[in-house]
Amino acid sequence: YLLIWGEASNVRFMPECLCYIFHNMANEVHGILFGNVYPVTGDTYEAGASEDEAFLRNVITPIYQVLKKEVRRNKMGKASHSKWRNYDDLNEYFWDKRCFRLKWPMNLKADFFIHSDEILQLPNERHDQTSNGKRKPKTNFVEARTFWNLYRSFDRMWMFLILSLQTMIIVAWSPSGSILAIFSEDVFKNVLTIFITSAFLNLLQATLDVILSFGAWKSLKFSQIMRYITKFLMAAMWAIILPITYSRSVKNPTGLIKFFSSWVDSWLHQSLYNYAIALYVLPNILAAVFFLLPPIRRIMERSNMRIVTFIMWWAQPKLYVGRGMHEEMFALFKYTFFWVMLLLSKLAFSYYVEILPLVGPTKLIWDMRVVNYKWHEFFPNATHNIGVIISIWGPIVLVYFMDTQIWYAIFSTLFGGIYGAFSHLGEIRTLGMLRSRFRFVPSAFCSKLTPLTQGHARRKHLDEEVDEKDIVRFSQMWNKFIYTMRDEDLISDRERDLLLVPSSSGDVSVVQW
C-alpha cells in the first residue's frame, strides 16, 4: 500500500481509489505467489510487469488524465461546482461496490474515464453504465450551495440563541423589567410561546433537510428516506398543534389567535397547551439525560434491541462517528461546566447591557407620533415608527448573535491559564533549569511509571534523596531511548555520548550535557 501511495501522484488525495487499486494489486500478488488463475479467462498470473513503468502508465496515468480534464473544466474557479468534479466527487465513485465494474486491468472505456464533452450519444443506442454513454457531472449528487446551510448545519446553536432572545425580550418588556418577572403568571405564559417558535424552527430544519438532500435520495436506503419524511411530518404536526393549543389558553383572544381558539372550544381548559409542551420536550429531556449519563448512552448505542435501534435511528444519522466512544463523567462535567458558565455570562451581559436598556426607548418611540422625517423614510406607510425601531434593534441583534465568539475567547483564556497553572506548564523555561531538576527525573519516573516493590513506599516529595535503584531503572529506559534516536539518525554520535546516563555511577548529576 505504501508503494502504491508513493507512486500515486495526485491520486493519493483519493483514499478509496487507492484502496480499489490496492485490492486488485494485492489479489494479483496473491495469485502470483500461489499460482492461481484469473476467474474469467483462466490465464495464470504472471510475475513482473510487461513493460517498464507499467504501474504509472496503466493505472495512475488514466486516473490522472481524468483529474487534469476536470481541472480544465473548472475554468480557473469561474465554473459552477455542478459542472465539474473535484477530488471528493471522483473519490465517491469508489464508495460503492459498483466500482468493481471497472474491472482489472481497468476498462478505459468506462464512464469514469470518458470526458462528457468527448461523448456523442446517438438517440437509438443503448449504453451501459460502465462502458459508454454520457457520464454525469457528479458521481453522487450535486450539493446545493446556499446560505441556508448556515442554519441547517448549526441549527441547535441558532435555535438556542433565537429562543433565548425571545425569552429575554418578553421578560424585559414586562412592567418591572426584572429577571424575577418570569415567575409571574402572565409573563410566564408569554414565555411559553418559545415552544411555538421552536416548533417552526424545527419545521424549517426538517424542510431544509428534505430539499437540500433530495438529489441524494437515489443513493439512500429506504430507511434513510423514511427518516427525512417522518421528521418533516412530525415537525409539521407540532407546528400546527402547539399554536392551536396555545390559542385555547389565551384569555380574550383576538385576531389569528381567536381564529385558532374557535377550533378547540370543545377541548379541556387551558392545560392542554401544557400537556402538548410536555410531549414536545420529552425527546429533548431524554436526550439530555443520555448526554449527562454516558454509560447509559454507550449501552444503548451498542444494543441490538429493536426499540433501542429505533430510537438510535431517529436520534442519530446513519454515518454517526463515535458511537459507543463517549468521554468519562468527570471530563463531561468539566466540558459542561465550561459552556454553562460561558453561556450564563453571555446571556446576562446581553440582557442587562444590550436588551433591557432598549425596551424603555422602544416603548416611547412606539407611542410617538412623527409627521415629517428629516431623512428619507424607508417605511412610509408603516405605523408606530417601525423603521426607527428596526434601525435601533438591528445592530444590537447582530451583536447578540456574534458576541458568543468573544465570550469564548475570554473563557478559553481564563480556563486555559488556570489549567496551565495547575499543570505546571512553563515552569522549566531554560536549559539550566532543566539541568538543575534532571536529578529528580529518576524518582518521578519510578513513582509514576514503575510498580512498587514490597516494602518500598512511594515518595511524596521529589526533593528527598534519590534512590540508587531508581537511577538504575531510569537509566535503562533513558539510554534505550537515546540509542533509538541514534539508530534513526536523529542525533549524532557526539550528542548520543552526551545524553547517555551512566547507571554505574549511582548519580545522575554526572551526565555530561
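Higher on the page you've got the structure.
Residues numbered from 1 in each chain as written. Predicted model: local features only at pLDDT ≥ 70, side-chain atom pairs only at ≥ 80, totals over all residues. Heavy atoms only, no water.

## Description of the side chain of Asp403
Stated precisely, the cut-off is as follows: A run of DSSP states H or I qualifies as a helix once it reaches four residues; a run of E qualifies as a strand once it reaches two. Both are numbered from the N-terminal end. Note on definitions: a residue-residue contact is assigned when non-hydrogen atoms from the two residues lie within 4.5 Å.
You can see Asp403 is positioned in the loop between α15 (386-402) and α16 (404-422). Not counting residues up to four positions away in its chain, the partners in contact with Asp403 are Lys346, Phe349, Ser350 and Glu354.

## Some remarks on the state of the cysteines
We apply this condition: Note on terminology: disulfide denotes any pair of cysteine sulfur atoms within 2.5 Å. Each residue is assigned to one of three classes by its accessible area relative to the maximum for its type, calculated with a 1.4 Å probe on protein chains only: buried under 20%, partly exposed between the two thresholds, exposed over 50%.
For the structure on display, the rule yields zero disulfides. Of the cysteine sulfurs around Cys99, a residue in no disulfide, the closest is that of Cys17, at 9.0 Å. Residue Cys99 is classed as buried on the basis of its relative accessible area, which comes to 4%.

## Describing the packing of aromatic side chains
Our working definition: Pairing of aromatic side chains here covers Phe, Tyr and the six-membered ring of Trp, requires ring centres within 6.5 Å, and sorts the geometry by plane angle: under 30 degrees stacked, over 60 edge-to-face, intermediate tilted. Note on criteria: charge over ring means Lys NZ or Arg CZ within 6 Å of the ring centre, with the direction from the centre no more than 35 degrees off the ring normal.
This model, assessed by the stated rule, comprises 24 aromatic pairs. Residues Phe338 and Trp339 carry aromatic rings whose centres are separated by 5.6 Å and whose planes lie at 90° to one another, so their mutual orientation is edge-to-face. Taken together, the ring pairs in this structure connect Phe333, Phe337, Phe338, Trp339, Phe349, Trp407, Tyr408, Phe411 and Phe415 into an aromatic cluster. Arg12 extends its terminal NZ or CZ atom over the ring of Trp5, reaching a point 4.5 Å from the ring centre. Lying over the aromatic face of Trp173, Lys363 brings its terminal NZ or CZ to 5.4 Å of the ring centre.

## A few points about the packing of helix α6 (residues 155-172) against helix α14 (residues 329-367)
In a packed pair of helices, the relevant descriptors are the angle between the two axes and the axis-to-axis distance. To keep it simple, the criterion reads: Here an axis means a line fitted to C-alpha atoms, over the contact stretch when the element is a helix, while the angle between two N-to-C directions is reported on a 0 to 180 degree scale. Angle categories: roughly parallel below 35 degrees, roughly antiparallel above 145, roughly perpendicular from 65 to 115, and oblique for all the rest. Two helices crossing with the near one rotated counterclockwise from the far one by less than a right angle form a left-handed crossing, whereas a clockwise rotation gives a right-handed crossing. In this classification, the charged set is Asp, Glu, Lys and Arg, the nonpolar set is Ala, Val, Leu, Ile, Met, Phe, Trp, Tyr, Cys and Pro, and all remaining amino acids, among them Gly, are polar.
Across the interface, α6 lies against α14 with an axial gap of 10 Å and an inter-helix angle of 45°. Considered as vectors, α6 and α14 are oriented oblique to each other. Of the two possible hands of crossing, α6 and α14 adopt the one that is right-handed. Of the residues in α14, those touching α6 at Phe160, Leu161, Ser164, Leu165, Met168, Ile169, Val171 and Ala172 are Leu343, Lys346, Leu347, Ser350, Tyr351, Ile355, Leu356 and Val359. Considered class by class, the residues forming the contact of α6 with α14 number 13 nonpolar, two polar and one charged.

## Description of the nonpolar core
As a reminder of what qualifies: Remark: nonpolar core denotes a set of buried residues (Ala, Val, Leu, Ile, Met, Phe, Trp, Tyr, Cys) joined through side-chain atoms within 4.5 Å.
Ranked by size, the top nonpolar core spans 24 residues in total, and within it Ile21, Ile63, Phe94 and Phe112 carry the most contacts. Where this core is concerned, the elements lending two or more residues are α2 (15-34) and α3 (54-74). Counting residues per element, this core draws most heavily on α3, which supplies six residues. Residues contacting Ile63, with those up to four places away along its chain left out, are Val11, Met14, Cys17, Ile21, Met106, Phe112 and Phe113.

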